[in-house]
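Below, each chain spelled out in residue letters.
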Amino acid sequence: MRDDSHRENTCTVNSEHVNTMDLNDPLARFRERFRIPADRVYLDGNSLGALPHGVTERVTRVIEQEWGDELITSWNSNDWIGMPTRIGDRLGRLVGAAPGQVVCADSISVNLFKLLSTALMLRPDRKRILSQRDNFPTDLYMAEGLASLLGPDRCTIKSVPADALLHSLDDSVAVLMLSHVNFRDGRLHDMQSITQKAHERGVLVLWDLAHSAGVIPLELDEWQVDMAVGCGYKFLNGGPGAPAFLYLAKHHQQHAVQPLSGWMGHSNPFAFRPGYEPAADIRRFLAGTPGILGMAALDTALDVFDDVSVKEIRQKSSALTTFFIKTVSKLDLPGIRVITPSDPAARGSQVSLAHENGFEISQALIASGVIVDFRAPDIVRFGFSPLYNRFADAELAAASLRRIVEEQRYLDPAYSQRPQVT
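Residues numbered from 1 in each chain as written. Predicted model: local features only at pLDDT ≥ 70, side-chain atom pairs only at ≥ 80, totals over all residues. Heavy atoms only, no water.

**Topic: the pattern of salt bridges**
Line of reasoning, step 1. Under the defined criterion, the tally for this structure stands at 21 salt bridges.
Line of reasoning, step 2. Among the salt bridges present, the one from R90 reaches D299, with a minimum N-O distance of 2.7 Å. Remark: D299 occurs in helix 10 (residues 292-301) and R90 occurs in helix 5 (residues 83-95); sequence separation between them is 209 residues.
Line of reasoning, step 3. A relative accessible area of 14% means that R90 is categorised as buried.
Line of reasoning, step 4. One salt bridge in this structure joins R201 and D171, with 3.7 Å as the shortest N-O distance. Taken together, the positions of R201 in the loop between helix 8 (191-200) and strand 8 (204-208) and D171 in the loop between strand 6 (156-160) and strand 7 (173-179) put the pair 30 residues apart, joining distant regions of the chain.
Line of reasoning, step 5. Overlapping salt bridges, with partners in common, bring together R58, R90, D299, D303 and D306 in one network. (Salt bridge = Lys/Arg side-chain N within 4 Å of Asp/Glu carboxyl O. Helix = DSSP H or I, 4+ residues; strand = E, 2+ residues; numbered from the N terminus. Buried < 20%, exposed > 50% of the residue type's maximum accessible area, 1.4 Å probe, protein only.)

**Details of the sheet that holds strand 6**
Line of reasoning, step 1. Pairing is mixed in the open sheet, where 7 strands are placed in the order 4-10-9-8-7-5-6. Among the strands making up the open sheet, the edge pair consists of strand 4 (102-104) and strand 6. Averaged over all pairs of adjacent strands, the angle between strand axes in this sheet comes to 20°, irrespective of strand direction.
Line of reasoning, step 2. Bridging between strand 7 and strand 8 involves 5 bridges; their strand directions are parallel. Bridged to L178 within strand 8 is W207.
Line of reasoning, step 3. Running at roughly 125° to strand 4, helix 5 makes contact with strand 4 and strand 10 (245-248) of the sheet. (Pairing = 2+ DSSP bridges. Axes fitted to C-alpha atoms, helices over the stretch in contact; angles between N-to-C directions. Contact = heavy atoms within 4.5 Å.)

**Looking at the packing of aromatic side chains**
Line of reasoning, step 1. A complete count under the given rule lists 10 aromatic pairs for this structure.
Line of reasoning, step 2. Judged by centre distance (6.0 Å) and plane angle (25°), the rings of W263 and F272 are stacked.
Line of reasoning, step 3. Among the aromatic residues, ring-to-ring pairing joins W263, F270 and F272 into one connected group.
Line of reasoning, step 4. Positioned above the aromatic ring of F359 is the side chain of R418, whose terminal nitrogen or guanidinium carbon lies 4.2 Å from the ring centre. (Phe/Tyr/Trp six-rings, centres within 6.5 Å; stacked < 30°, edge-to-face > 60°. Lys NZ or Arg CZ within 6 Å of the ring centre and 35° of its normal.)

**Points about the pairing of strand 15 (residues 379-383)**
Line of reasoning, step 1. Taking burial as the measure, the 5 residues of strand 15 include 5 buried ones, the bulk of the element.
Line of reasoning, step 2. Covered by surrounding structure in strand 15 are I379, R381 and G383 together with V380 and F382, the residues of both alternating faces.
Line of reasoning, step 3. Here strand 12 (residues 350-354) pairs with strand 15 via 5 bridges, running antiparallel. Among the inter-strand pairings, L353 is bridged to a residue of strand 15, identified as V380.
Line of reasoning, step 4. Note that strand 14 (residues 373-375) and strand 15 share 3 bridges and pair antiparallel.

**Examining the sheet that holds strand 14**
Line of reasoning, step 1. Ordered by their spatial adjacency, 4 strands build an open sheet running 11-12-15-14, and the pairing between neighbours is antiparallel. Single-partner strands in this sheet number two, and they are strand 11 (337-338) and strand 14.
Line of reasoning, step 2. Strands strand 14 and strand 15 of the sheet are contacted by helix 12 (residues 358-367), whose axis makes an angle of about 40° with strand 15.

**Brief notes about the side chain of E360**
Line of reasoning, step 1. Considering the arrangement of structural elements, one finds E360 in helix 12.
Line of reasoning, step 2. Among buried Asp, Glu, Lys and Arg side chains, E360 stands out as unpaired, with R418 the closest opposite charge at 4.9 Å.
Line of reasoning, step 3. Excluding anything up to four places from it in sequence, E360 contacts Y410, Y415 and S416. (Lys, Arg positive; Asp, Glu negative; His and termini not counted.)

**Some points on unusual backbone geometry**
Line of reasoning, step 1. Omega for the bond connecting A376 with P377 falls within 30 degrees of zero, at 10°, which places this linkage in the cis form.
Line of reasoning, step 2. As for its position among the elements, P377 is in the loop between strand 14 and strand 15.
Line of reasoning, step 3. The backbone of D79 shows a phi angle near 50°, a positive value even though the residue is not glycine.
Line of reasoning, step 4. Within the secondary structure layout, D79 lies in the loop between helix 4 (74-77) and helix 5.
Line of reasoning, step 5. Its identity is not glycine, yet Q224 carries a phi of approximately 60°, on the positive side.

**Remarks on the packing of helix 2 (residues 16-23) against helix 13 (residues 391-406)**
Line of reasoning, step 1. Taken N-terminus to C-terminus, the directions of helix 2 and helix 13 make an angle of 150°; their axes are 8 Å apart at the nearest point. Considering their axes alone, helix 2 and helix 13 lie roughly antiparallel with respect to each other. For the pair formed by helix 2 and helix 13, the contact residues are V18, M21 and D22 on the first element and F391, A392 and E395 on the second.
Line of reasoning, step 2. Its residues assigned to classes, the contact of helix 2 with helix 13 comprises 4 nonpolar, no polar and 2 charged. (Parallel < 35°, antiparallel > 145°, perpendicular 65-115°, else oblique. Nonpolar A, V, L, I, M, F, W, Y, C, P; charged D, E, K, R; others polar.)

**Describing the nonpolar core**
Line of reasoning, step 1. Counting residues in hydrophobic clusters, the biggest one holds 58 residues, and the most contacted among them are L176, W207, L209 and L236.
Line of reasoning, step 2. Sorting the residues of this core by element identifies helix 5, strand 4, strand 7, helix 8, strand 8, strand 10, helix 10 and helix 11 (310-331) as the ones contributing at least two each.
Line of reasoning, step 3. A per-element tally of this core places helix 5 first, with 5 residues. (Core = buried A, V, L, I, M, F, W, Y, C linked by side-chain atoms within 4.5 Å.)

**With respect to helix 8**
Line of reasoning, step 1. Taken as a whole, helix 8 has its buried residues at M191, I194, T195 and A198. Along the long axis of helix 8, the arc covered by the buried residues comes to 100°, so they all point the same way.
Line of reasoning, step 2. Buried residues in helix 8 make contact with strand 7 and strand 8.
Line of reasoning, step 3. In the stretch just after helix 8, G202 is the one whose phi turns positive, near 75°. (Arc of directions from axis to C-beta.)

Listed below in C-alpha cells is the structure:
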C-alpha cells in the first residue's frame, strides 16, 4: 500500500499572490464545467482530459433514449450516421480547417496508416517516410508496419534528430511525419515554417496534433498543411479512448486513395454494390461503423470550446507553464532538471522534469494527491489544461514536489512498483 498520509498537505498550500492570479484569470469560470475531485491536483490532461459536466447526461440519453427507445431508427432520426463529418467540422474550427476537411474516426494509429499510405500514393516516384527519432513511438511503429507490408522497393523509413530534419529533406522523401509537440520534453515545432520548407522540396507533411489540438492556435489551411491526425481524449476532454480525427486538405482529396476501403468510406454504402467506389470527399477516409457512444461523449465535450478561443487558452497555458517553471527553478531541487523550453513560444502545454528517480517521484506525487505521469527513461510530466487548471494547482504541485525530493520520500520501496500504465 502506498502512503497517502501527506495528501491533505497538497491541497492547503497557496499564497495571496497566487490567489490573486486565479481571481483575475479570465478563464476561471470554465473550471466549474468539469468534474475535478476536491482532494486532487490534476495535471495529466495531456494524457486524459477531465470529465466535462454534460457528458454523462449526453451519453445516458444516447443509451437510454436513442438506443434504448428509438433503437436502430436513431441512425436517421438522431443522425448517428452524420456524426463523423459533423464532429469533424467542429474539430476543424479548432485547428484552422474549413468544413469538409476533417473527419472524426478510428484512432490516431489507424489514421496515420491511412494517411501515410495516401502520401506514398500521392508521391509515386518517392518512397521514403522521414520522421524525428524521438517522435511518439506509435507514429514510428505504424510507419514501420507499413514499410514491412509494402517492402523496401515501395517504402522506407528514415528517422533523424530534430536538428537534422530540414537537412534530410531530399527528392527521395514522400512525406515528413512529425509530432507538433514532443511528448517527452514538450518542445514545439514551427509548423508553418517546416511545412513551407518541406513543400519547397516537393515533400508532403503529416502532423500529429495529439498534444496541441485545443491548446495551441493552429491554421492548417492557412499554413498549407497537407495532412494531420489528432486524438479526442487529451486536451479535447472526449474521454478514455475517444475517437481520433483526420485532416486532409481539400485539394488532395480527389486524388487520395486510402487502403482501408471499408463500407463507410463508400460513395453509397447502402447500395451494397460489390465493387468499392470511394466517396468524393473527406468521407472516403472513413472505414468501419463509427462508435456512437464515444462520438457522443466527444461531441458534448467540444461544447466548452464554443465559448472560448484557442488563442485565449494558449495565453493562459503559457502563463501557467511559465509560473510553474519559475517556481520549480527557484526551489533548486537536487537532481531535478527542467527539460521543457523556457520560451513559451517554443513549448506546448506541459512541463517536463527529469530526475534519475523520475518514476518513483511521479508515484510519490500521485500518492500525495498530485496526478502526473511518467515517461521513460526519467521524465515526470506536468500537463496543464488551461480550462480547469489554476495557478494554485501549479503552486501546490511544486510544494509537493519540494517535500518529496528534499525529504527523499520517493525512496520508499512502495513507489518503485511499476503498474502497467505509467
